[in-house]
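Each chain is listed here by its residues.
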Amino acid sequence: MTETDGTRPDAAGASTPGPRAAAPGYFRAGPVVMLAVAAVVILVDQVTKVLAVANLENARPIELIGDTVRLVLLRNPGAAFSIGTEFTVVLSVVATVVVLGLLWFSRRVHSTWWAWGLGLILGGAAGNLVDRYVRAPGILQGHVVDFMSVGWWPVFNVADSCLVAGVIVVAVAVLRNIDFDGSRVSDDAAPVAKGDPADG
């Protein structure tokens, strides 16, 4: 079937997907991967914290590599790496907003790099947020369980490590000009540079 001008309704240009959806780096499973990575991080983080409390509470630190790498239990009322210990409730509220924001934003992530990076960040933030809600001394005031000590670095946990790793992954994506939807940031200006007919 053809139109009166002899062209087919499905001919090239009749209906084309958006430029971002057709981007070479478009990753359809981005939202699923991001949430799956976050779920795994939360699970591993909480399991290791339970084991740390069970084995290190009122016990001497476990030396893995002399005094350089140790397992030692610490309950942290502050942010990652024991920062801002006097603002527990404020940090809990901010973390809650961040987690909810990332959950809402996840549906727009269609880049492998961003899916992994934001998944690690979401999992890390949510992992520590669980402690804020369920551990003593109470809701929004719970102390985060830290147990890994490496050299002079502040004692940390799996969630802290994933937060840092996620930020690094996202930073690499930004440096490579990869947008969260899988497109190249430089590609957005390409049609204008080439004199796109849509621009007159």
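The rules behind these values
Residues numbered from 1 in each chain as written. Predicted model: local features only at pLDDT ≥ 70, side-chain atom pairs only at ≥ 80, totals over all residues. Heavy atoms only, no water. Helix = DSSP H or I, 4+ residues; strand = E, 2+ residues; numbered from the N terminus. Buried < 20%, exposed > 50% of the residue type's maximum accessible area, 1.4 Å probe, protein only. Salt bridge = Lys/Arg side-chain N within 4 Å of Asp/Glu carboxyl O. Phe/Tyr/Trp six-rings, centres within 6.5 Å; stacked < 30°, edge-to-face > 60°. Pairing = 2+ DSSP bridges. Axes fitted to C-alpha atoms, helices over the stretch in contact; angles between N-to-C directions. Parallel < 35°, antiparallel > 145°, perpendicular 65-115°, else oblique. Left-handed = near helix turned anticlockwise from the far one by under 90°. Contact = heavy atoms within 4.5 Å. Nonpolar A, V, L, I, M, F, W, Y, C, P; charged D, E, K, R; others polar.

**Points about unusual backbone geometry**
For the bond running from Ala136 to Pro137, omega is 10°, close enough to zero to count as cis. Relative to the assigned elements, Pro137 resides in the loop between α3 (112-134) and β3 (144-150). Backbone geometry at Asn58 places phi at a positive 55°, although glycine is not the residue there. With respect to the helices and strands, the residue Asn58 is situated in the loop between α1 (30-56) and β1 (62-65). By relative accessible area, Asn58 is classed as exposed at 79%. Look at Asn177: it is not a glycine, yet its phi comes out positive at around 60°.

**Points about the pattern of salt bridges**
Pairing is possible between side chains of opposite charge, provided their charged atoms come close. Counted under the stated rule, the structure contains four salt bridges. A salt bridge links Lys49 to Asp45, with the nearest nitrogen and oxygen atoms 2.8 Å apart. Taken together, the residues span about one helical turn, with Lys49 and Asp45 both in helix α1 at a distance of four residues. The burial state of Lys49 is the same as that of Asp45; both residues are buried. Salt-bridge contacts for Arg75 lead to Glu57; the nearest nitrogen and oxygen are separated by 2.6 Å. Here Arg75 is found in strand β2 (residues 69-76), whereas its partner Glu57 is found in the loop between α1 and β1, with 18 residues between them in sequence. With relative accessibility at 35%, the residue Arg75 sits in the partly exposed group.

**Thoughts on the packing of aromatic side chains**
Scanning the entire structure with this criterion turns up three aromatic pairs. On the numbers, 6.5 Å between centres and 80° between planes, the contact of Trp114 with Phe180 is edge-to-face. Within this pair, whereas Trp114 is found in helix α3, its partner Phe180 is found in the loop between α4 (158-175) and α5 (190-193), the two being separated by 66 residues in sequence. Comparing Trp114 with Phe180 shows no difference in burial state: the two are buried.

**As for the sheet that holds β1**
The strand order across the open sheet built from three strands is β1-β2-β3, with neighbouring strands paired in antiparallel fashion. Of all strands in the sheet, those with a lone pairing partner are β1 and β3, marking the two edges. Going from strand to strand, the sheet's axes swing by 35° on average, the running direction of each strand aside. As paired strands, β1 and β2 are joined by three bridges and run antiparallel to one another. Within the sheet, the bridge partner assigned to Ile65 lies in β2 and is Val69.

**Remarks on the packing of helix α2 (residues 88-105) against α3**
Look at α2 against α3: their axes get within 9 Å of each other, and the N-to-C directions meet at 140°. By the angle between their axes, α2 is oblique relative to α3. Between α2 and α3 lies a crossing whose hand is left-handed. Where α2 approaches α3, its residues Thr88, Ser92, Ala95, Thr96, Val99, Leu102, Leu103 and Phe105 are matched on the opposing element by Leu118, Ile121, Leu122, Ala125, Ala126, Leu129, Arg132 and Tyr133. Taken together, the residues of the contact of α2 with α3 break down into 12 nonpolar, three polar and one charged.

In short, shape yes, function no, at least from these values alone.
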